[in-house]
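# Observations on the three-dimensional arrangement
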Amino acid sequence: MKRSIIIDTDPGQDDALAILLALAASEVLDVRGIVAVAGNVPLTLTQLNARRLCDLAGRNDVPVYGGCSRPMMRDLITAENVHGRTGLDGYHWPEIKTPLQDRHGVDYLIETLLAADEGAITLATLGPLTNLAMALVKSPDCARGIGEIVMMGGGFFTGGNTTPAAEFNILVDPHAAHVVFTSGLPLTLMPLDVTHKALATPPRIARIAALGNEAGKACAKLLSFFNRHDVEKYGSEGAPLHDPCVIAYLLKPELFRGKDVYVEIETSSSLTLGMTVMDWWGVTGKAPNCTVMNQIDADGYFDLLSDHLARLP
Ligand code: RIB
Ligand code: CA
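## As for the overall build of the protein
Secondary structure summary: the protein contains twelve helices and twelve strands in total. Taken over 313 residues, the protein has a buried fraction of 60%. Contacts in the protein between residues at least 24 apart in sequence constitute 82% of all its contacts with a sequence separation of at least 6. Entry remark: accessible area of the protein is about 12,000 Å², with carbon and sulfur atoms responsible for 52%. Positive and negative side-chain charges in the protein, numbering 25 and 36 respectively, have mean positions lying 3 Å apart.

Right, here's the structure in full:
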């Protein structure tokens, strides 16, 4: 039985590899739809980029929706310094084929989740949580259709990557994150604590470049562009490959280790806004609300990624 998933995303080079991984795993994952959100770049670009990725995967059958163009409360902040002006800098994209659906992404989420059997849909979120939070606020009953949420976001022992305290996805829309983390829905978190252990090093990029297909060529170029910012910032061999961790977990959960933890989102402090405050040692006595992953088999992760990218056109 395939797992039905909806991907919520702000492509973004790392989102791109996550989406391609999911689309390549068609024997395991039924990607019901992709919903774009404003994040790395504005919505006009993230929705365009999501369509480009369906083209690259040869999957024009997957419906792409535009979701929210700004966070629930805050003004939008973006990350062109990391991802480039288009959000997918590094590769020369051909004319686009995959259409954009007319329905708003939040309405698509609500309608699909309300129509689904209880717990039938997995939400894979790769960007700010605005769309999912808006769906839960507008139609609380749609939560019934969600089996679990697997998300990339947050950081604790690593600190933040956008402020000293906050990771980008959570910082862009901390109020949306609060809605999701207090929803009571089953939640698995891929924070910086785990993604920073999965670096897109030159040998790993070279392996993808050598796949011999257009997807491998494109991904190698995207990763080479994506690397430049973080390699300089962290002095590391490669950039942490954040978002594909979400999809890799759905395909091969044994690649990851973590623990159940109570996590709360800072939504008011000017110093620590967007921080995922993790009660890692259980000192609050509050019941865990998510499973936080902090260990990864990085070689196994890149094996999985390369093997699946090889299946694409
Ligand atoms: O902090 C990393 C996250 O922010 C990733 O999802 C990246 O794509 C950006 O959205
Ligand atoms: Ca992202």
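## Details of the site of ligand 1
Ligand 1 sits among 13 residues. The nearest are D14, D15, N161, E167 and D243. In the environment of ligand 1, an oxygen atom lies 2.8 Å from a nitrogen or oxygen atom belonging to the side chain of D15. With respect to ligand 1, the backbone of L126 contributes an N or O atom lying 2.8 Å from an oxygen atom. In isolation ligand 1 has 270 Å² of accessible area, and contact with the protein removes 97% of it. In this structure the site holding ligand 1 corresponds to the largest pocket.

## Focus: the coordination of the calcium ion (ligand 2)
Taken together, D10 (OD), D15 (OD), D15 (OD), L126 (O) and D243 (OD) make up the protein donors of the calcium ion (ligand 2), found 2.2 to 2.5 Å from the metal. Between the donor residues of the calcium ion (ligand 2), the gaps in sequence give the motif D-x4-D-x110-L-x116-D.

## Comments concerning the packing of aromatic side chains
One pass over the structure, following the stated rule, counts seven aromatic pairs. Ring centres of Y249 and F256 lie 6.1 Å apart, and the angle between their planes is 65°; on these two criteria the pair is classed as edge-to-face. With a relative accessible area of 16%, Y249 lands in the buried category. Taking the centre distance of 5.1 Å and the plane angle of 75° together, the rings of Y301 and F302 count as edge-to-face. For Y301, a relative accessible area of 1% gives the class buried. Through pairs of rings, three or more aromatic residues link up here, namely F156, F157, W280 and W281. The lysine or arginine in question, R228, covers the ring of F225, its NZ or CZ lying 3.9 Å from the ring centre.

## A short note on the nonpolar core
Ranked by internal contacts, the top residues of the largest apolar core, which has 66 residues, are I7, I34, I247 and F256. Among the elements that take part in this core, helix α1 (residues 13-24) stands out by supplying nine residues, more than any other. The next biggest cluster of nonpolar side chains, apart from the first, holds 37 residues, and it includes C68, L113, A133 and L136.

Criteria and cut-off values
Residues numbered from 1 in each chain as written. Chains lettered and ligands numbered in written order. Predicted model: local features only at pLDDT ≥ 70, side-chain atom pairs only at ≥ 80, totals over all residues. Heavy atoms only, no water. Helix = DSSP H or I, 4+ residues; strand = E, 2+ residues; numbered from the N terminus. Buried < 20%, exposed > 50% of the residue type's maximum accessible area, 1.4 Å probe, protein only. Contact = heavy atoms within 4.5 Å. Areas by Shrake-Rupley, 256 points an atom, 1.4 Å probe, with all protein chains shown as cover. Lys, Arg positive; Asp, Glu negative; His and termini not counted. Charge placed at Lys NZ, Arg CZ, Asp CG, Glu CD. Near = heavy atom within 4 Å. Polar contact = N/O pair within 3.5 Å; in protein donor to acceptor, adjacent residues only side chain to side chain. 1 Å grid on protein atoms, 1.4 Å probe; cavity = no way out; pocket = protein on both sides within 12 Å on 5 of 7 lines; lining within 4 Å. Sits in = over half its atoms within 2 Å of the grid points. Donors = N, O, S within 2.8 Å, 3.2 Å for Na, K, Ca; no water. Phe/Tyr/Trp six-rings, centres within 6.5 Å; stacked < 30°, edge-to-face > 60°. Lys NZ or Arg CZ within 6 Å of the ring centre and 35° of its normal. Core = buried A, V, L, I, M, F, W, Y, C linked by side-chain atoms within 4.5 Å.

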